[in-house]
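# Fold and contact review
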Amino acid sequence: MILADTSTNAPQQKAHATATQGTPVAVTTAETTGRQAVEVRNLEVFYGQHKAVHNVSLSVKHQEVTAFIGPSGCGKSTILRCFNRMNDLVRHCRVQGSVKIHGADIYARGTDVMELRKRTGMVFQKPNPFPKSIHENVAYPLRIHGVRGKAVIAEKVEKSLRLAGLWEEVKDRLHASALSLSGGQQQRLCIARAIAVDPDVLLMDEPCSALDPIATKTIESLINELSKSITIVIVTHNMHQAVRVAHQTAFFYMGNLVEAGPTDKMFHNPEQHQTLAYVTGQFG
Amino acid sequence: MTLPTTPTPEGYHHHEWWPRLVSFVAKILCSAAAAVALVMLFLILGYMVWKGISGLHWSFFTHLPLQEPMGMRNCIVGTLLLAGIASLIGVPIGMLCGIYLAEYAPRGWSTQGIRLTLDVLAGTPTILFGVVVYQIMVVRPQNFNGWVGHLSLWSHRVQSWMGITNGYSGWAGGLALALIMVPIIARTTEEMLRMVPLAHREASAGLGASKAETLWRVVIPSAKAGIITGIMLAIARVAGETAPLFFTAFGNDAMVYNPNRQTPSLTEQIYNYSQSDDPHWRAQAWTASLVLVSMVLVFSAAVRIATRKRRIRTR
Ligand SMILES: Nc1ncnc2c1ncn2[C@@H]1O[C@H](COP(=O)(O)OP(=O)(O)OP(=O)(O)O)[C@@H](O)[C@H]1O
Ligand SMILES: [Mg+2]
C-alpha cells in the first residue's frame, strides 16, 4: 500500500527505476558505513527567541546523497544552512551544539568560514546566477579563491560546465549574460559554479522547486553523477525525488529530527508512524 | 446535470459605467499633466535656444569677456575646473558614505539620524554651502572664539600647509560644490546598493567570498548603472549652481587654470551679464546658458554611452 502511494504515477515510477539503477542503494550504504562527512550533535538553532531547531543529532555519510524531507517550516533549510554557516549572515540567529565536517568542528573558534564555504558548496532554491556572463559566473569562485591565469580558469570553467551537463548548450555563448539562460540552465550554471572549486560537500536547498519536470530530471541525473565524488545533502518537498536520488533520508517535523535512515526503509518500512504518515501523504 | 453556461459575448459589455469613466478621466488628467510639463519644458528650452543661438560664434569659445568680440572661454574652462574639483572630492566621499550606510552602518537611531541629515542637506538651499565654505576657507579669521572660529583657524593652517590660497579660489568653489554633491551621491548610492537582491549576496557568500569581495565584485557592479546615474545627476546639478560660487570662487575675467586664483564660471557670468543694461551682454548671458545646458547634455550622453558599451562587453 505504501509502495503504491509513493509511486502511483506511472512515469514517475519509471524515472525511479532508471534513476536508481546505477546506484545500488544498499551496497553503497554498506561500503561506506562509518565514514561520515557531516556529524551533527545536539544542534539547536534560535531566531531571536524562536527556537527553530530542537536538539538534532544526525550524520551524513560520505559520498552519498542524503535527502532532508518534512513539512514547510520544519527547519530543513535552517539545518542545511548550518553546514556552511550561512546562518552567520542572518541577524539574531544563534546556533548551539556542534557540526563537524570531516571531523572538524566548524563552529569552533578560529574556523575559516571562507574556506569552509569553499569546501561546502551551496545551491539555492531559486537559481541565483550573478548578472555577469556565463563564463564569469563559474570563474567567480575560482578568482576569489586565488586561481590565476586565463587558460587555467578557462579550463576549470569548461570542466565544471561539463560536469554540470551544461557545456554543450553554452559553449558557443560563454560570454552571453547568464540571465539569458532558461531557469533549468541557470540552476545547472549555479551547480557548475558551486562545484568549480571542488567542494567535498554540496548542499542543495530545493534545487528543483522552480523547474519543470524535464529540467528536474536533468538535475536529478546530475546529482546521481556528482554523488560519485561529492557528498550531497538535498532538501526536497518531492517524495518521488527523494526516492529517486537519495541513499539516505532524514525526516524533520517542527524542528525535530523524527527519523533518519536508508531511503528504502524510510519510505517502505519506517519506525515512526509520523514518518509513515508523511511519506504516504497523509499530512504535511 | 447542466453544464455551466459560458458567458455570451454580450455578457462582457454589461459593465458598470463608472469604473470606465474613472479610468478615462484619470487617463485624461495624467496625459494633460504630462503635456503641460512637456510644453513648459520645450518653451523654456526653445526660448533659450532662440535667444542664445545668435551669440553663438566661434569666438565665444576662444575669446575672453573683455576681448572684442566677447567670448567666455575662461568661464567654460572655469566651470569644467570647478565641476572637476567638486567631483574629485565629492564622488569618492559620497560613494563611500553611501556604501557605509548600506553595508556597514549599524541598524538604529544613529544611522537613521545620519540618513535624515543627508536628506535634509540634499534639500538645503545651496547658498548655505557657499556661506559655510566662505567662513572656513575664504575670510581670514578675525577672532578665534567659538567652534566656527577654531574651524576657520585650523582650515587656514591646513590651507597654508597645502599651498592653497586663503581667500576666493577655485578650491573653495570646488569644495562648496563637493559638499552639495555628497548627500545626493551618498543617498543614491545607498538606495542602489540596497536594491541589489539578497540572492546575489548569498550566492557570493556561499561560494566563500568575504564581505568585501562580495561588495566589490558582485554588489557594486550590479548597482553600477544606478550609481553612475546618480553621480551624473549630481555633477549636472552642481554645474548649474550659482549662489555658492559668489562666496567662494567669486569669478574672474581672465583665463584661469590654477584653482588657487579666483575662478570664473558660466553660471556666475550668466548672472552678472543678465543684470546688465547692455543688450549685447544680455544676449551673451543667453548664449552662455545655451552652452551650459549643451555641455551637461553632451556629458550625460557621453557617460551613458560609455557605460552602456562597458556593460555589453562584460556581459
Ligand atoms: N531569517 C529568519 N528569521 C526568523 N525566523 C526564521 C528565519 N528563517 C527561518 N525562520 C523560522 O525558522 C523555522 C524553520 O524555517 P526553515 O526555513 O528552516 O524551514 P524549512 O523546513 O526550510 O521550510 P520550507 O520547506 O518552507 O523551506 C520557521 O519557523 C521559520 O519561520
Ligand atoms: Mg526551506
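Scoring rules and cut-offs
The residue numbers shown here count from 1 along each chain, following its written sequence. Ligands are numbered from 1 and chains lettered from A, in the order in which they are written. Reporting of local features is limited, given that this is a predicted model, to residues whose pLDDT is at least 70; pairs of side-chain atoms are given and counted only at 80 or more, and all residues count toward the totals for whole chains, interfaces and linings. Neither water nor hydrogens contribute to the side-chain values; these are computed over all heavy atoms in the structure. Every case where a carboxyl oxygen of Asp or Glu lies within 4 Å of a side-chain nitrogen of Lys or Arg is listed as a salt bridge. Only DSSP runs of H or I reaching four residues or more are called helices, and only runs of E reaching two or more are called strands; each is numbered from the N terminus. Relative accessibility thresholds used throughout: buried, under 20% of the residue-type maximum; exposed, over 50%; partly exposed, between the two (1.4 Å probe, protein chains only). The term nonpolar core refers to a set of buried residues drawn from Ala, Val, Leu, Ile, Met, Phe, Trp, Tyr and Cys, joined through side-chain atoms within 4.5 Å. Per-residue confidence from the predictor is reported as pLDDT, which spans 0 to 100. In what follows, residue pairs with any heavy atoms lying within 4.5 Å of each other are defined as contacts. For this purpose, a residue is taken to be near a molecule or strand whenever a single non-hydrogen atom of the residue falls within 4 Å of it. Whenever a nitrogen or oxygen atom comes within 3.5 Å of another N or O atom, the pair is scored as a polar contact, on the condition that within protein one atom can donate a hydrogen and the other can accept it, and that pairs from neighbouring residues in sequence are kept only if both atoms are in side chains. Aromatic rings from Phe, Tyr and Trp, taking only the six-membered ring of Trp, are treated as a pair when their centres fall within 6.5 Å; an angle between ring planes under 30 degrees marks them as stacked, one over 60 as edge-to-face, and anything in between as tilted. We count a charge as sitting over a ring when the NZ of a lysine or the CZ of an arginine lies within 6 Å of the ring centre and within 35 degrees of the ring normal.

## What to know about the pattern of salt bridges
Tallied over the entire structure, the rule returns 21 salt bridges over all chains. Here Glu158(A) ties to Arg162(A) by a salt bridge, and the two come within 2.7 Å at their closest N and O atoms. On the criterion of helical spacing, the pair formed by Glu158(A) and Arg162(A) is a turn pair, its members being four residues apart in helix H7 (residues 150–163). Under the relative-accessibility criterion, Glu158(A) is labelled partly exposed at 26%. You can call Arg162(A) partly exposed: its relative accessible area is 45%. Two residues, Glu271(A) and Lys265(A), come together in a salt bridge whose shortest N-O distance is 2.8 Å. Three or more residues are tied together by salt bridges with common partners; here these are Arg115(B), Asp119(B), Arg187(B), Glu190(B), Glu191(B) and Arg194(B).

## A short note on the nonpolar core
Core analysis: the largest hydrophobic core is formed by 49 residues, its most contacted members being Leu161(A) and Leu202(A). In this structure, Ala37(A), Val40(A), Val53(A) and Met86(A) belong to the second largest nonpolar core, which totals 31 residues.

## Some words on the confidence of the model for chain B
Chain-level pLDDT for chain B is 90 on average; 92% of the residues reach the 70-or-more range. Below pLDDT 50 for its whole length, residues 311–315 of chain B participates in seven contacts with residues either more than four positions away or in separate chains.

## Quick word on the site of ligand 1
All names here are of chain A. The full set close to ligand 1 counts 13 residues, and Ser72, Gly73, Ser77, Thr78 and His237 are the nearest of them. With respect to ligand 1, the side chain of histidine 237 contributes an N or O atom lying 2.6 Å from an oxygen atom. Those elements giving two or more residues to the shell around ligand 1 turn out to be strand E2 (50–61) and helix H4 (76–80).

## Considering the environment of Gly73(A)
All names here are of chain A. Looking at the element boundaries, glycine 73 is found in the loop between strand E3 (65–69) and H4. With relative accessibility at 73%, the residue glycine 73 sits in the exposed group. Glycine 73 sits 21 residues away from alanine 52 along the chain, and the two C-alpha atoms are 8.5 Å apart.

## Here we look at the packing of aromatic side chains
Considering all chains together, one arrives at 13 aromatic pairs over all chains under this definition. Where Tyr134(B) meets Phe247(B), the ring centres are 6.0 Å apart and the plane angle is 70 degrees; that geometry is what we call edge-to-face. On the criterion of sequence distance, the pair formed by Tyr134(B) in helix H5 (residues 127–138) and Phe247(B) in the loop between helix H10 (243–246) and helix H11 (266–274) is long-range, its members being 113 residues apart. Residues Phe246(B) and Tyr271(B) carry aromatic rings whose centres are separated by 5.0 Å and whose planes lie at 75 degrees to one another, so their mutual orientation is edge-to-face. Of this pair, Phe246(B) sits in helix H10 while Tyr271(B) sits in helix H11, placing them 25 residues apart in sequence. Looking at Phe246(B), the relative accessible area reads 27%, which means it is partly exposed. Note on Tyr271(B): relative accessible area 42%, which makes it partly exposed. Taken together, Tyr134(B), Tyr168(B), Phe247(B) and Phe250(B) form an aromatic cluster joined through their ring pairs. A cation sits over an aromatic face here: Arg94(A) above Phe46(A), 4.3 Å from the ring centre. Seen from the ring of Trp154(B), Arg157(B) lies directly overhead, with NZ or CZ sitting 4.8 Å from the centre.

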